[in-house]
Amino acid sequence: MINLFQMWQHQSPFFQELSIYDDGRRMLEKSLKEKGGTEYYLISKKFIKQWKYYVDYDEEMEEIELDTRQKPDKINSDLINNEKLFRYFPENHVYNSSIRYLENEWDYEIVLKEVYEYFNEIYQSIEPQIRVGFYNESLKRKQIFPNLARFTLIYQSPIDNKLYTAKAQVDYNSEIKAWTNLLRDTFQEYFKTRKINNVRVWCPRHKTFKADLLIQQIQKTKQVDGDILNDNMIIFQLQHQRDNCIIIDLELNDWQFKKFEQTIEYDNALLLEKALKGCAKIVCEFPQCKLNNGYLDLGFAEEDIQGICQVLIENEEVKWELMCSNQKNYIDNLLPFSLQIKADPIQYLLKISQSLELFGLSFVENYNKNQGKYQINLENPEINSQLISHVAQSLNQQKDNLMQIIKNLFQRKVEDIEPLTNLYQLRALYLILSFRKCLSMILDEKPLILLTVIRRLSQQQANQLSKWLTKLDKSELLHFQSITKKIIEQQINIQKNAPIRPLLDIDDIQRLKGLFDLYSVIYNSNLQNPRIQAAEFIINSIQQFYKVDADRQEFTQFQMFNAKVWRGYSFTFCQYPWAMPIEFKSRLLYIECKVKQYDSRRRAYGLLPQFVSLTIERDNIIESAIKQLQQTQVSLKNPLKIQFVNEQGVDEGGPKREFFRLIMEKLVTPDYGMFIPKNNDTVFWFNPQSFEMPIYYSLIGKLLGLSLYNSVLLDVRFPTVLFKKLQREQLKEEDLKELDMETYTGFQFLREQTDPQIVESLGLTFNGTYKVWGENYFEDLKPNGFQINVTIENREEYIQLYIDWYLNKLVQKQFDLLKDGFKTVVDGDGIKLFSGEELQQLIIGLPTFDMRDLEASTKYDGYESDSEYIRYFWNCIHQLNVEMQKRFLFFCTGSDRIPVGGLKSIKFVIQKHGQDTEQLPSAHTCFNVLLLPYYKNKETLKEKLKISLDNAEGFGLM
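Residues numbered from 1 in each chain as written. Predicted model: local features only at pLDDT ≥ 70, side-chain atom pairs only at ≥ 80, totals over all residues. Heavy atoms only, no water.

### Considerations on the sheet that holds strand β2 (residues 108-112)
1) Next: Across the sheet, which stays open at both edges, the 4 strands sit in the order β2-β1-β3-β4 with antiparallel pairing between neighbours. Looking at strand neighbours, the two that pair on one side only are β2 and β4 (141-143), the edges of this open sheet. Averaged over all pairs of adjacent strands, the angle between their axes in this sheet comes to 45 degrees, without regard to strand direction.
2) Next: Helix-sheet contacts for helix α2 (residues 15-32) involve β1 (37-44), β2, β3 (130-136) and β4, and the interaxial angle to β2 is about 85 degrees.
3) Next: Taken strand by strand, helix α5 (residues 113-123) contacts β1 and β2, and its axis lies near 105 degrees from that of β2. (Pairing = 2+ DSSP bridges. Helix = DSSP H or I, 4+ residues; strand = E, 2+ residues; numbered from the N terminus. Axes fitted to C-alpha atoms, helices over the stretch in contact; angles between N-to-C directions. Contact = heavy atoms within 4.5 Å.)

Here's what the structure looks like:
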């Protein structure tokens, strides 16, 4: 009898491919743990994704889809890069690889030779990408580099004895000896008339020196300032940067180069030359360059400067990696663009865009060419906005010139994988982004030059851009934000309609990543200087990015990103949680909770119950809850079931909501002493003088977590600042407003005073005070604070110390207990997606609601939505005041709290329950069902409804 597996084997035309791929994955993992060297093949992730779709690897396709699937492209067809580096290597040699630079582990997949050869036979490959993996003792597994190491070779031609440069690549795990043998054969082929016996490689002493400096030194001394590399060394041990220079030494009758020994003298001479003559550039990063050192301006003689240089070298204080070069070109005599330039603006910008620094010095407000060297202002980009707007208007009609300016500025940086290295270059990027009238064109450019530069910014550089953006007014920032958001939405729409699956190409992923990184810069600027509502940054279309199971697919990507499992990873929006709708994030949290519940049961071999079941005594609700929550072995992430003692009923939601209402009401009441009312009794805050057992604060934390995981909204008036603290957000002075308006306004008054005598007359000291139940308490804000008077000079320090004391230190003990209780229930990565304000909405609910949302989403059983009776019913509800509308919600659902998503997210049903009866309306609160009789007239309906709402309390099971 044939089993199911055998049947599937005969039915699937791809059974052998699937088996070879899956077996290859297992063998790959095993080989990575074995010592020694192994050859691996690199395959682009695009091919893997296409292939998995083609063979229905994930078994997601319907039968009808199987006939329309598309065969994959050739292996690595998306990695083609037409750049041929070392022209002397054979055209098809692996070290002459012309694939694009792979920045991320999720851009490619490594497979064994057997898997590659099988795939290549069926689908063919553009170019085989062989990489050698060697065992790394510190990693306890083989190390495989996706990219080849790249160097700038300096060599001397045996024909004309001139020095030349060339780019060359080699596997990071290759030995120097193996590479020099290839170089020997290659140079021999090129210089056929001269016999080359051997090749050796020199590593310069100053590894970061550019080729022109090294060539200058070799030409002058006929020697190499460096060391010969050991033949047994592995390339990655050089720890070089991309395109660092090495010197190739050819052995003819003798070796071409000898070691340069006079290193100290050479360093002294080179440093003195730069200090006296400089590099003639408008901007230089080398501190000792004439442009920067100021020695001559201070009146130092040449002998003095020589002595300074010697001391710097002896003390190893010279940053040789920043050494400048004397590269002369036509831009050296040009000035930054400003109002003083009378030439055609676009043509002039095309010229100066050959220099990032020169362009970065342009468009300066109040620029004067005689002002000397312009220093970048970290606080203000000092842009002549009128001039840049005028130029942007012209560029908007000259797309080709605009794109050429961008290419001139950044293309070399992108191709050479070089970061922006100074503030002048960063300001050049900021200027391009300031061409707001043509921003759509800029961000939509196909080579992705600008977005690639943005993606590669360091966190410090991104923060600096955000700081400069704080100088934009509301309309300017809103324009920038709305354009970027619109382009992101367009890309999301393109990807969600992709024929196979979203983000198939590397470029698609990198485009979306670059756009979101730019969007993040704008968002962080708004955090520093709020001008736009945070809700404006939310992109709702994220929820529809995947056609099927969007929340589950996004959660899978989120999991892979956090676990650094790159095999199936492409992109996760969760890197930018502030742009995600809270409803979508709450679904991700729900999925994470379910996954943790499953893992918990699996680790217990299914022996533990699937629910946290509590049997609660109404008269002893706190103690019975504490005892059972402490003793239970079931994970608190599991669903909660409540059974009240001596009460019948199955918990389908009603008893659970009743439990939370009763216990929180008791714990938070002022009579219990754990919390005290603040701000005219609008919120409750920790009582610094509470003597309750620590376990009670921990219980409240657990209850907050349990309510979150069980989707029960709490009627508790905790301020937003408590939830911000749970999310480890940086607290601000504004957070004090909700908690203590009197203290907040007092600080504002203190700041406004300009007369020192008025500040001193207030009689303030560095001392904090608080009141509990009518009694005052005092604490020092700093040692001996009660003896330190607040003055106009130290008032800011006083305010900041007071806020930190009030919101943090004063209640640290109580808050830590609550937080620890919360974390025993809620942990993981999902909760990190929410801001403190969003967490408050998840636990307490939304502050406002509209009954029209509930009416629009209501389903009916026995009634028609457009019947006169139902229309009158809703008219009665809309006429109720807010308090009575909340009472109606409580009567029907067991809670008057508004869930995330508003009332439209409640699955509410109105069911016909009798006719011409005197029975009052009732409800199945567990299921959000209103049992509404059909009364003989409207007046009776209104009267019966009022009676029910006036007496609404608890919940009922029909």
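Don't stop here, the text continues.
### Some words on the side chain of N293
1) Next: One can find N293 in helix α9 (residues 290-293).
2) Next: Within polar-contact distance, the side chain of N293 engages the backbone oxygen of Q288 at 2.9 Å.
3) Next: Here the side chain of N293 touches Y295 through a polar contact of 2.9 Å, landing on its backbone nitrogen.
4) Next: Those residues in contact with N293 that lie beyond four places of it in its chain are A275, P287 and Q288. (Polar contact = N/O pair within 3.5 Å; in protein donor to acceptor, adjacent residues only side chain to side chain.)

### Section: the UniProt feature "active site" (unreviewed entry) in the protein
1) Next: The sites that UniProt annotates as "active site" (unreviewed entry) are C926.
2) Next: With respect to the secondary-structure elements, C926 resides in the loop between β20 (922-924) and β21 (929-934). (UniProt positions renumbered as here; feature names shortened; annotations may be inferred.)

### Concerning the side chain of D249
1) Next: Topologically, D249 is positioned in strand β10 (residues 244-251).
2) Next: For D249, the side chain forms a polar contact with the side chain of W202, separated by 2.9 Å.
3) Next: Polar contacts involving the side chain of D249 include one to the main-chain amide nitrogen of F257, which spans 3.3 Å.
4) Next: Setting aside its immediate chain neighbours within four residues, D249 contacts N198, V199, R200, W202, W255, Q256 and F257.

### Topic: unusual backbone geometry
1) Next: Even without being a glycine, D56 presents a positive backbone phi close to 55 degrees.
2) Next: Structurally, the position occupied by D56 is in the loop between α3 (45-54) and α4 (63-66).
3) Next: The exposure class assigned to D56 is buried, which follows from its relative accessible area of 15%.
4) Next: Even without being a glycine, R728 presents a positive backbone phi close to 60 degrees.
5) Next: Along the chain, the position of R728 falls in the loop between α26 (720-726) and α27 (741-752). (Buried < 20%, exposed > 50% of the residue type's maximum accessible area, 1.4 Å probe, protein only.)

### With respect to the sheet that holds strand β18 (residues 859-861)
1) Next: If you trace the 4 strands from one edge of the open sheet to the other, you get β18-β19-β21-β20, paired in mixed fashion. The sheet is open, and its two edges are formed by β18 and β20, each paired on a single side. When strand polarity is set aside, the average angle formed by the axes of neighbouring strands in this sheet is 30 degrees.
2) Next: When β18 meets strand β19 (residues 909-915), the two strands line up parallel, connected through 3 bridges. Of the residues in β19, the one forming a bridge with D861 is Q911.
3) Next: The strands that helix α33 (residues 868-879) touches are β18, β19 and β21; relative to β21, the one it contacts most, it runs at about 120 degrees.

### So, helix α10 (residues 302-314)
For an α-helix, the turn length of 3.6 residues means that residues three or four places apart are oriented alike.
1) Next: Here α10 spans 18 Å end to end across 13 residues, near enough to the 18 Å set by a 1.5 Å rise per residue.
2) Next: Regarding α10, the residues found buried are I305, C309, L312 and I313. Taken around the axis of α10, the buried residues stretch over an arc of 95 degrees, which confines them to a single face. Residues of α10 that are exposed and point over 90 degrees away from its buried face: E303 and E314.
3) Next: On the buried face of α10, the contacting elements are α8 (263-277).
4) Next: Looking one or two residues past α10, E316 carries a phi angle of roughly 55 degrees, positive in sign. (Expected span 1.5 Å × (residues − 1). Arc of directions from axis to C-beta.)

### A word on the layout of surface pockets
1) Next: Its volume calculated, the second largest pocket comes out at about 1,800 Å³.
2) Next: Of all elements in the fold, only α20 (506-528), α22 (582-603), α26 and α31 (836-844) reach the threshold of two or more residues within the lining of the second largest pocket.
3) Next: Here the residues of the lining of the second largest pocket sort into 17 nonpolar, 10 polar and 15 charged. (1 Å grid on protein atoms, 1.4 Å probe; cavity = no way out; pocket = protein on both sides within 12 Å on 5 of 7 lines; lining within 4 Å. Points joined across faces, edges and corners; volume = space filled by probe spheres on them. Nonpolar A, V, L, I, M, F, W, Y, C, P; charged D, E, K, R; others polar.)

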